[in-house]
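Reading the structure
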Amino acid sequence: MRTDLRYKLTLAAVFASIPLVLFAMVLFIIATDSLWIALFPLYLFAGALIITFILGFVPFMKDHMWLSVSAVTVLGLLAGLILYLVV
Amino acid sequence: MTFGKRIKYGLISGVLAAFFGSMIVFVLSESVRMIALTGLIIAAVIFGITLLVEVLLEGKPSKVRIPVFALIIIISVLSVFSYSLYTIGKRMTFPCTSDEEAYEELCDMDGAVIEIDEEGLSGWRIPASAVAEGEPRPVILYFGGNGENSSHRVEYILDNEKSAFLYENYDFVFLDYPSYGNNETPITESSLYQFTLDAYNYVSSLETTSGITLLSYSIGNGPAMYLASQDDVELDSMIMLAPYNSGYDLYNANLNIFYGPLRLLVAFKLPSYKYARNVSCPVTMIASTDDEIIPYESSRALFSSLSGGSANFITVEGVLHNDFFTSPEIISAIMNCLEAS
């Protein structure tokens, strides 16, 4: 069983994020009345999952998966910023 | 690296990217910033609890860890579900509208309307057309529906000949609820009640006011009933269009789950049935059996709560909720009530 701090922090972050992602979808529906925009968190989730999965095959990145997770999370943040600026 | 590990890292980055990507949008958007910050506080609390539980359960077997983490997930989802329901209900009950275009047009109508811009109050007064300037006249103080703001409704009344009776012998006053129109006060149940008192004080302080009749429609009936129940408030009469017994009835008309502890999730309780007991002025209620927003039974229940003064309940058929101001039957009933008061 892994007991290092990074594992604990990640698990806690994931636990805290899951309900908030559901909440974000509800908030998107209220704020925009658009189902397509309301599904934005789902697009981010699916996109990040696929990109991270593919990065697992890249020679350098497959040995530094936490770097991939961080990079993809930042990409998600940027996508949110773009959505805010566009919509 | 195994397939399972790739999926695991993919799931972690998926959740984190969705979380941060969504939250940045909300924090930057002024209209939902406070809601998002509350959501972030909930996330921080869940984060802290999970971390604490992990430390406490370190080295414990899976049969202990799994149920505890399952419990955390259930509690987290329930908290977020409750908060979402509360937030949606609040937004649906008072969507806080404004109409800049109508406001600008009313500003250009010199003399036809008077803008009200007092501390905590914004709206319009249409002076009685058949009463000489400066002469005393009664006032209709209007509390509108949740989709209305003063500029939009007043412009409609001025443009619509059928509504002219509302300002023929009466001044017609419509003030924006908190967070509506130009009123920047945050909307809560208590600020709504305070608003009704401020509105009454404003109207009664006008030198030309000879009496006040409350006209309320839909959501406006709750605040109107509160105002009418106050000891130091004197009214000629009340005309209530599509009244409701309480905020719970309104919520349950949309989603029939607000019973027992779930009643705590109702942001605007608006218990008109309690206030109705203290109302002493003549009251006329007009309700439609075909109202799809306010249940007819809720209107009847409120009527049965009235105990003082004369009361009249008028039932109409075939009128939908948004057709109250275009229904000849209802317009005629309002005119009769105004003539009688």
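Because the structure is a prediction, the values reported are computed rather than measured.

Cut-offs used in this document
- Residues numbered from 1 in each chain as written.
- Chains lettered and ligands numbered in written order.
- Predicted model: local features only at pLDDT ≥ 70, side-chain atom pairs only at ≥ 80, totals over all residues.
- Heavy atoms only, no water.
- Helix = DSSP H or I, 4+ residues; strand = E, 2+ residues; numbered from the N terminus.
- Rg over C-alpha atoms; globule rule 2.2 N^0.38 Å.
- Domains from an automatic or database assignment.
- Contact = heavy atoms within 4.5 Å.
- Buried area = accessible area lost by both parts, 1.4 Å probe.
- Salt bridge = Lys/Arg side-chain N within 4 Å of Asp/Glu carboxyl O.
- Polar contact = N/O pair within 3.5 Å; in protein donor to acceptor, adjacent residues only side chain to side chain.
- Nonpolar A, V, L, I, M, F, W, Y, C, P; charged D, E, K, R; others polar.
- Core = buried A, V, L, I, M, F, W, Y, C linked by side-chain atoms within 4.5 Å.
- Buried < 20%, exposed > 50% of the residue type's maximum accessible area, 1.4 Å probe, protein only.
- Axes fitted to C-alpha atoms, helices over the stretch in contact; angles between N-to-C directions.
- Parallel < 35°, antiparallel > 145°, perpendicular 65-115°, else oblique.
- Left-handed = near helix turned anticlockwise from the far one by under 90°.
- Expected span 1.5 Å × (residues − 1).
- 1 Å grid on protein atoms, 1.4 Å probe; cavity = no way out; pocket = protein on both sides within 12 Å on 5 of 7 lines; lining within 4 Å.
- Points joined across faces, edges and corners; volume = space filled by probe spheres on them.

Moving on, we get to the overall build of chain A. Check the secondary structure of chain A and you find four helices and zero strands. Traced from its N-terminal end to its C-terminal end, chain A shows the element sequence α-α-α-α. Taking 87 residues into account, the globule formula puts the C-alpha radius of gyration at 12 Å, and chain A, at 15 Å, lies well above it. Overall size of chain A, expressed as C-alpha extent along the three principal axes, is 45 × 25 × 15 Å.

All right, on to the domain arrangement of chain B then. All names here are of chain B. The domain boundaries assigned to chain B delineate domain 1 (3–93) and domain 2 (100–340). Between the C-alpha centres of domain 1 and domain 2 the distance comes to 42 Å. Between domain 1 and domain 2, the contact holds seven residues from the first and 13 residues from the second. Interface area, domain 1 with domain 2, both sides summed: about 850 Å², of which 72% is carbon and sulfur. Across the domain 1-domain 2 interface, the total number found is zero salt bridges. At the junction of domain 1 with domain 2, the criterion picks out four residue pairs in polar contact (both at pLDDT 80 or more). In the side of domain 1 that touches domain 2, the residues fall into three nonpolar, three polar and one charged.

Our focus in this paragraph is the nonpolar core. Leu-141, Phe-172, Leu-214, Met-225, Met-238 and Leu-241 of chain B are the most contacted members of the largest nonpolar core, which has 86 residues in total. Residue contributions to this core peak at seven residues, all from helix H6 (residues 189–205) of chain B. When neighbours within four sequence positions are excluded, Phe-172 of chain B is seen to be in contact with Trp-124, Arg-125, Ile-126, Ile-140, Tyr-142, Ile-157, Leu-166, Tyr-167 and Leu-215 of chain B. Among the nonpolar cores identified, the runner-up in size contains 24 residues, and Leu-27, Phe-28 and Leu-83 of chain A together with Met-23 of chain B belong to it.

Let us look at the packing of helix H3 (residues 40–55) of chain A against helix H4 (residues 65–86) of chain A. Residues and elements named next belong to chain A. Where H3 meets H4, the axes come as close as 10 Å, and the angle between the chain directions of the two elements is 150°. Between H3 and H4, the crossing angle belongs to the class labelled roughly antiparallel. The hand of the H3/H4 crossing is right-handed. From H3, Phe-40, Leu-44, Ala-48, Ile-51, Thr-52 and Leu-55 reach across to H4, where they touch Met-65, Ser-68, Val-69, Val-72, Gly-76, Ala-79, Gly-80 and Leu-83. Class assignment of the residues belonging to the contact of H3 with H4 gives a composition of 10 nonpolar, four polar and no charged.

Now for the interface of chain B and chain A. Taken residue by residue, the interface counts 50 residues in chain B and 47 residues in chain A. At the boundary of chain B with chain A, the tally comes to zero salt bridges. Connecting chain B to chain A are three residue pairs in polar contact (both at pLDDT 80 or more). Of all the secondary-structure elements, those providing two or more residues to the side of chain B that touches chain A are helix H1 (3–28), helix H2 (33–56) and helix H3 (62–93) of chain B. Looking at the side of chain B that touches chain A, its residues break down into 33 nonpolar, 10 polar and seven charged.

Next up on the list: H6 of chain B. Here H6 of chain B is 17 residues long and its end C-alpha atoms lie 24 Å apart, about the 24 Å a rise of 1.5 Å per residue gives. Burial in H6 of chain B covers these residues: Glu-189, Ser-191, Leu-192, Tyr-193, Phe-195, Thr-196, Ala-199, Tyr-200, Tyr-202 and Val-203 of chain B.

A few words now on empty space enclosed by the protein. Over the atoms a probe the size of a water molecule is rolled, and this reveals where empty space is left. Residues and elements named next belong to chain B. All chains considered together, the criterion is met by three cavities of 30 Å³ or more. Considering the residues around the largest cavity, the lining is formed by 13 residues, among which Tyr-103, Ser-151, Asp-176, Gly-181 and Asn-182 are closest to the centre. At the level of elements, helix H4 (100–107), strand S2 (121–126) and helix H5 (150–159) are the ones that each hand at least two residues to the lining of the largest cavity. Looking at the lining of the largest cavity element by element, the count peaks at three residues for S2. Of the residues that constitute the lining of the largest cavity, the class distribution is two nonpolar, seven polar and four charged.

Turning our attention to the pattern of salt bridges. All names here are of chain B. Scanning all chains against the criterion turns up three salt bridges over all chains. For Arg-125, the salt bridge goes to Asp-171, with nearest N and O atoms at 2.9 Å. You can see Arg-125 sitting in strand S2 and its partner Asp-171 sitting in strand S4 (residues 171–175), a full 46 residues away along the chain. With a relative accessible area of 13%, Arg-125 lands in the buried category. Between Asp-171 and Arg-137 there is a salt bridge, and its shortest N-O distance comes to 2.6 Å. Taken together, the residues Asp-171 in strand S4 and Arg-137 in strand S3 (residues 137–143) connect sequence positions 34 residues apart. We note that Asp-171, like Arg-137, is buried. The network of salt bridges with common partners includes Arg-125, Arg-137 and Asp-171.

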